[in-house]
Amino acid sequence: MKTIEVDEDLYRFIASQTLHIGESASDILRRILKLDAGQPVQITESANDPAPVVKVPVARSRDAVRVIRELLLSDEYAEKKKAVERFMLILSTLYSLNSESFSKTTEAMHGRTRTYFAGDEHTLLASGKQTKPRHIPGTPFWVITNTNTDRKRSMIEHVMQDMKFPANLVEKVCGTI
């Protein structure tokens, strides 16, 4: 165990993040940085900026189930009044959790006559006149939005199942759309 000095405001911030009595500063920082115990952390220094930079491996630092649960409880999600807005936010979050899995799943998704996901708006417009394609924020993908709420739920369900989310979480997410 090492001792470090931190500024007063930083100390107050860390202390304010305490979830239970006896939680150590290390535990609090691991939770905030989304690190598992024993997970390697790479610290580097730049020649231009001698302050150390902590690099956390992104893929291993995220607990996807926790991220989705936190999304469902967030003010941002609660403020979305329309199903299409919640649908878009969920898709954006799923992509951020595992872009490779999301990409594989969505490239094979389509209906009887429509393509649901594509890398550009034109591909979706070509699969139907009334598709109302929208760009999924933070992704290279577009999705059709002129579908009923049940179809949106079905699309989310399919993506989450392929991404190996627990069935109860998939059901909970679909129920909020």
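What counts as what
- Along each chain, residue indices are assigned from 1 in the same order as the chain's sequence is written.
- Whole-chain, interface and lining totals are the exception, using all residues; otherwise, since this is a predicted model, local features are given only for residues with pLDDT of at least 70 and side-chain atom pairs are given and counted only at 80 or more.
- Just so you know, side-chain values use all the structure's heavy atoms and leave hydrogens and water out.
- UniProt positions are given in the numbering used here, feature names are shortened, and annotations may be inferred rather than shown by experiment.
- Ring geometry is summarised as follows: Phe, Tyr and Trp rings, the Trp one being its six-membered ring, pair when their centres sit within 6.5 Å, and such pairs are stacked at plane angles under 30 degrees, edge-to-face over 60 and tilted between the two.
- Each helix is a run of H or I in the DSSP string that is no shorter than four residues. Each strand is a run of E no shorter than two, and both are numbered from the N terminus.
- Exposure categories follow from relative accessible area, calculated using a 1.4 Å probe and restricted to protein chains: below 20% of the type maximum is buried, above 50% is exposed, and the middle band is partly exposed.
- The salt bridge definition used is simple: a Lys or Arg side-chain nitrogen within 4 Å of an Asp or Glu carboxyl oxygen.
- Residues enter patches when their relative accessible area tops 30% and they take part in no salt bridge; the joining distance is 9 Å for like charges and 5 Å for the nonpolar side chains Val, Leu, Ile, Met, Phe, Trp and Tyr.
- Computed by Shrake-Rupley with a 1.4 Å probe, the accessible areas treat only the displayed protein chains as cover when residues are assessed.

- For the protein chain, the name recorded in an unreviewed UniProt entry is Negative modulator of initiation of replication, with Xenorhabdus yunnanensis as its organism.
- Note on the protein chain: under the UniProt heading Subunit (unreviewed entry), the record states "Homodimer. Polymerizes to form helical filaments."
- In the Sequence similarities (unreviewed entry) part of its UniProt record, the protein chain is described as follows: "Belongs to the SeqA family."

**Quick word on the packing of aromatic side chains**
At step 1: One pass over the full model with this rule turns up four aromatic pairs.
At step 2: Considering the side-chain rings of Tyr95 and Phe102, the 5.6 Å spacing of their centres and the 90° angle between planes classify their relative orientation as edge-to-face.
At step 3: Taken together, a centroid distance of 5.6 Å and an interplanar angle of 65° make the contact between Phe102 and Phe141 edge-to-face. A residue pair is termed long-range when its members are at least 10 positions apart, and Phe102 in helix H7 (residues 99–107) and Phe141 in the loop between strand S4 (133–135) and strand S5 (142–144) qualify at 39 residues.
At step 4: Taking relative accessible area as the criterion, Phe102 reaches 0% and is therefore assigned buried.
At step 5: Members of the aromatic cluster, joined through ring pairs, are Tyr95, Phe102, Phe117 and Phe141.

**Let's talk about the pattern of salt bridges**
Opposite charge on two side chains makes pairing possible when the charged atoms of those side chains draw close.
At step 1: In the structure shown here, the tally under the stated rule is three salt bridges.
At step 2: Its salt-bridge partner being Glu8, residue Arg12 comes within 3.6 Å of it at the nearest N-O pair. Placement of the pair is Arg12 and Glu8 together in helix H1 (residues 8–16), with a separation of four residues, close to one helical turn.
At step 3: For Arg12, a relative accessible area of 48% gives the class partly exposed.

**Here's the deal with a nonpolar patch on the surface**
At step 1: On the surface, Ile4, Val6, Leu10, Tyr11, Phe13, Leu29, Ile32 and Leu33 cluster together into a nonpolar patch covering about 710 Å² of accessible area.
At step 2: At the level of secondary structure, the elements contributing two or more residues to the nonpolar patch comprise H1 and helix H2 (25–32).
At step 3: No other element matches the three residues that H1 contributes to the nonpolar patch.
At step 4: Relative to the elements of secondary structure, Leu33 occurs in the loop between H2 and strand S1 (42–44).

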